[in-house]
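Understanding the architecture of this molecule
For reference, the chains in residue letters:
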Amino acid sequence: MNDLMGLIYTGDNGERLGELTSVRAVAALPVLARYRVIDFVLSSLVSSGAKNVGIILQKNYSSLIDHLGSGKEWDLHGKRQGLVFLPPYQTPDNIGVYSGLMDAIRSNMVFLRRSRESYVVVTDSGMLYTANYDEMAAQHIRTGADITLMYTTNPKIKRSSVGHYIKLDEEGRVLELENNPVNPSFENTYMEAFLIRRELLIELADRAVSRAQYHFTRELLQQAIHDGTLKVYGWKNDSPAWRLDSTQAYFECNADLLRPEIRRQVLRADRPVWTKMRDEMPTRYVPGAKVKGSLLADGCIIEGTVENSVIFRGVHVQKGAVVKNAVIMQDGYVMSGAHVEGCILDKQVTVRDGVTLCAPTSYPVVIGKGMTV
Amino acid sequence: MIRKKQCVAMLLAGGQGSRLGVLTQHMAKPAVPFGGKYRIIDFPLSNCVNSGIDTVGVLTQYRPLELNAYIGSGAPWDLDVSQGGVYVLPPYHTGATGEWYKGTANAIYQNLPFIQQFDPEYVLILSGDHIYKMDYAAMLRHHIEHKADATIAVRQVPWEEASRFGIMNTDETGRIVEFEEKPKNPKSNNASMGVYVFTWSKLRDYLTRDEKDPNSSNDFGKNIIPAMLNDKCVLTAYSFNDYWKDVGTIDSLWEANMDLLTTPLPIDLHDKKWRIYARNFGSGPQYVADTAEVNDCLVTEGCEVYGRVQHSIISTGTIVEAGAQVIDSVIMPGAVIRRGAIVRRAIVAENAVIEPGAMVGAGEGSIAVVAQNVTVPAGDTVPAGTQREQ
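Residues numbered from 1 in each chain as written. Chains lettered and ligands numbered in written order. Predicted model: local features only at pLDDT ≥ 70, side-chain atom pairs only at ≥ 80, totals over all residues. Heavy atoms only, no water.

1. Let's talk about the overall build of chain A
- Of the regular secondary structure elements, chain A holds 9 helices and 30 strands.
- Whereas a compact globule of 373 residues would reach a radius of gyration of roughly 21 Å, chain A reaches 21 Å, a difference of no more than 12%.
- Each of the three principal axes of chain A carries a C-alpha extent, and together these read 65 × 45 × 40 Å.
- Classification of the 373 residues of chain A by burial places 61% in the buried group.
- Counting only carbon and sulfur atoms, one obtains 48% of the accessible surface of chain A, whose full area is about 14300 Å². (Helix = DSSP H or I, 4+ residues; strand = E, 2+ residues; numbered from the N terminus. Rg over C-alpha atoms; globule rule 2.2 N^0.38 Å. Buried < 20%, exposed > 50% of the residue type's maximum accessible area, 1.4 Å probe, protein only. Areas by Shrake-Rupley, 256 points an atom, 1.4 Å probe, with all protein chains shown as cover.)

This is the structure:
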């Protein structure tokens, strides 16, 4: 669909991901051996025909800008349209930090007004999934909805009390929305992504901010559903989905994606997921390497044992080293005789000779970026 | 308005590469996959950009479709720039005349107007059939320092092989005094690599003169270099003795791939300062399953390995099913090796399928080849040294 644009909010800082997000937004979190979380939403938008995508930046956005660059890898480096970064800036009525999604949208009204598309997908970036936004748009038009919310019935995603849950009638209209309940009463989890006419979004953002409503879901949306002032529908996304709101959730997401049948639903040949290139040579499995049940990116040198793990670009596992049930990000170095199990090694971590790092998979340990153990 | 360039590179990519047999049935030699994720042309193109040369003409003639599509806008090599960039240059009709490229020199001659747009001082002539990392800027400096009209890259080859090459005989200053094409009794072992730097104004004169000679075969080695030597032009040899491998035959292509499995790497492709760029097709990470056994291999993105792979190159998007065996082989992008199939000492070209229980190649003997898009039926055999075309 050509009449669709995207707006990706990366303001959610993922405090509960601890060290992993102390240096980056959740959107910039490395995942699945060679991607960052934002690649999935961005590539889905591109596969759905969007050619104009705004990225709302909040804190720690340098790694995100570095990753996305000119948008070339996503074919978003056009002259007419493409990727637009929307960092916070100071104005007489803005202190340079967005108070919430509606505030961010209001601050970037110029971008929205200048865009040509009739429909806009507004999405958060704390979840990993792929989506056919074109199908979502088709349903939106068919139902005559004002707002269409993306939801999932994936039971894995509900465990967390943080989130929004919706109740639908048979026609798919949203009757109720629950905000961070202790025990969610509805099985439909809102995926923090909605589709709306661009003009209506501009109108709503203007109105909301003038009433000091900065948060879309818990203020504007909940009220509109309750009062019936807007026609809000749900669109079910059947893609596997993960809410990346804790170290454990992040670890499980990587582990789930080790399973080919799940991975194939996310990495589909007909809807490729694009990412920044590093032009690494293929991975070398040196004689003596033992690799089982693992995902690896290019540029690695594997001399030791790797099992059930996700290995990012440029990782070196020396002879005699053992890596099990682990996530090792870019340029990690596991020296001979080291043993790494149940850990998440952030970028450029070195584990020296003979060091043992073991954690239960139910409670993975994170080693911060650039550390030497 | 096109900005003046100091040096323009011209990459001769028109040859059929008939010695590669079925591998070049549907594509020009420079488009042939290499090393898991590359194509041969990635090496000269990456060398150009790493050497600071951002204007490259690629002369195509034989089955250019795959090569054109691969080069595209030049973005993978950062050659999608507004001043310069990569240009695919097929032969074209000019009305009265118009013809195929007759020889290497004629190919450049036909593109005089292309080169002239950039008003360069120097022209670098490259071929698309070698795997090497070379700093052309250093060669260009050598050319300028020696105030040469032409500089020819040479390397020392084993004496017993010297008679297969164009041999440059030099004096003690490195100036070329004699050129012998495939001499029976070589006087030196300095072989030409087919990499030349010319002072453009000189080359232009010689190309124009050569074109008027009906007896000329319009070839750099046979005509242009000898003519320049004859006229006492300054020709210098630039010595290059790093890794350089011709991949013009099935055996040498297989060997060059296998070279990437030696430690230390004879050609360091991990080198961050001299990356070899390639087009990317958005494949996922490589998956090595619980049932897999991967030893002494290169495996790249998009591959799924469930079977046994040993001392082999497994290229982008290849699937090796459980119970399949791949040994001492090069599996090109998108190929599928089904359960129980055995592939030994073979090159399996792009998107070929080896059905269950089929046998390709043998533990010894010459390299077996399965061509692009070919399916080898279940239980069938492709003997060592043979090529399966369909």
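2. Here's the deal with the overall build of chain B
- Tallying secondary structure elements over chain B gives 8 helices and 31 strands in all.
- In terms of C-alpha radius of gyration, chain B reaches 22 Å, essentially the compact-globule figure of 21 Å for 390 residues.
- Seen through its principal axes, chain B has C-alpha atoms that stretch 65 × 50 × 45 Å.
- Entry remark: accessible area of chain B is about 15300 Å², with carbon and sulfur atoms responsible for 49%.
- Of the charged side chains in chain B, 35 are positive and 44 negative, and the gap between their average positions amounts to 3 Å. (Lys, Arg positive; Asp, Glu negative; His and termini not counted. Charge placed at Lys NZ, Arg CZ, Asp CG, Glu CD.)

3. Quick word on helix H5 (residues 136–145) of chain B
Residues and elements named next belong to chain B.
- The element H5 is extensively covered by neighbouring structure, given that 7 of its 10 residues are classed as buried.
- Along H5, the positions that sit buried rather than exposed are Tyr-136, Ala-137, Ala-138, Met-139, Leu-140, His-142 and His-143.
- For H5, the N-terminal cap is Asp-135; the gap from its side-chain oxygen to the backbone nitrogen of Ala-137 is 3.0 Å.
- Among the residues trailing H5, Lys-147 stands out with phi positive, at a value near 45°. (Polar contact = N/O pair within 3.5 Å; in protein donor to acceptor, adjacent residues only side chain to side chain.)

4. Focus on the layout of surface pockets
All names here are of chain B.
- In this structure, the largest pocket occupies an estimated 1500 Å³ of space.
- Lining the largest pocket are 48 residues, and of these Arg-19, Ser-127, Asp-129, His-130 and Asp-246 lie nearest its centre.
- For the lining of the largest pocket, the elements supplying multiple residues, two or more each, are helix H3 (104–109), strand S6 (122–127), strand S8 (150–156), strand S10 (176–181), strand S11 (190–199), helix H7 (220–230), strand S13 (244–246) and helix H8 (250–259).
- Per-element accounting of the lining of the largest pocket gives the leading share, 4 residues, to S11.
- Considered class by class, the residues forming the lining of the largest pocket number 16 nonpolar, 18 polar and 14 charged. (1 Å grid on protein atoms, 1.4 Å probe; cavity = no way out; pocket = protein on both sides within 12 Å on 5 of 7 lines; lining within 4 Å. Points joined across faces, edges and corners; volume = space filled by probe spheres on them. Nonpolar A, V, L, I, M, F, W, Y, C, P; charged D, E, K, R; others polar.)

5. Re the interface of chain B and chain A
- Listed per partner, the contact involves 38 residues of chain B and 36 residues of chain A.
- A buried area of about 3100 Å², summed over both sides, lies between chain B and chain A, and 47% of it is on carbon and sulfur atoms.
- Interface area lost by chain B to chain A is led by His-270, Pro-285 and Tyr-287 of chain B, which between them contribute 20%.
- Summed over the shared surface of chain B and chain A, the number is 6 salt bridges.
- In this assembly, chain B and chain A are joined by 27 residue pairs in polar contact (both at pLDDT 80 or more).
- Listing elements by their share of the side of chain B that touches chain A, those giving two or more residues are strand S14 (286–288), strand S15 (293–295) and strand S16 (297–299) of chain B.
- Partitioned by chemical class, the residues of the side of chain B that touches chain A number 18 nonpolar, 12 polar and 8 charged. (Contact = heavy atoms within 4.5 Å. Buried area = accessible area lost by both parts, 1.4 Å probe. Salt bridge = Lys/Arg side-chain N within 4 Å of Asp/Glu carboxyl O.)

6. Some remarks on empty space enclosed by the protein
- With the rule as written, the count across this model stands at 3 cavities of 30 Å³ or more.
- Each pocket or cavity is described by its volume, and for the largest cavity that value is around 50 Å³.
- Around the largest cavity, the lining residues are Arg-284, Tyr-285, Val-286 and Pro-287 of chain A together with Leu-260, Leu-261, Thr-262, Thr-263, Asp-296 and Cys-297 of chain B.
- Tallied by class, residues from the lining of the largest cavity come to 6 nonpolar, 2 polar and 2 charged.

7. Some thoughts on the pairing of strand S12 (residues 235–239) of chain B
All names here are of chain B.
- Of all 5 residues in S12, 4 are buried; the element is thus mostly enclosed.
- When S8 meets S12, the two strands line up parallel, connected through 5 bridges. The partner of Thr-151 across the bridge, within S12, is Thr-236. (Pairing = 2+ DSSP bridges.)

8. Points about the domain arrangement of chain A
All names here are of chain A.
- Domain parsing of chain A yields domain 1 (4–266) and domain 2 (284–367).
- Of note, the centres of domain 1 and domain 2, computed from C-alpha atoms alone, are 33 Å apart.
- With 18 residues of domain 1 in contact, the opposing surface of domain 2 contributes 24 residues.
- When domain 1 packs against domain 2, close to 1600 Å² is buried across both sides, 70% of that on carbon and sulfur atoms.
- Counting the contacts that link domain 1 with domain 2 gives 1 salt bridge.
- Where Arg-24 meets Asp-346, a salt bridge forms, and the shortest distance between an N and an O atom there is 2.8 Å.
- At the boundary of domain 1 and domain 2, one finds 1 residue pair in polar contact (both at pLDDT 80 or more). (Domains from an automatic or database assignment.)

9. Overview of the packing of aromatic side chains
- This structure, assessed with the given rule, holds 14 aromatic pairs over all chains.
- By the ring-pair criterion, three or more aromatic residues cluster together here, those being Phe-34, Tyr-38 and Phe-43 of chain B.
- The side chain of Arg-34 of chain A reaches across the aromatic face of Tyr-35 of chain A, ending 5.2 Å from its centre.
- The ring of Tyr-287 of chain B carries the charged tip of Arg-263 of chain A above its face, separated from the ring centre by 4.3 Å. (Phe/Tyr/Trp six-rings, centres within 6.5 Å; stacked < 30°, edge-to-face > 60°. Lys NZ or Arg CZ within 6 Å of the ring centre and 35° of its normal.)

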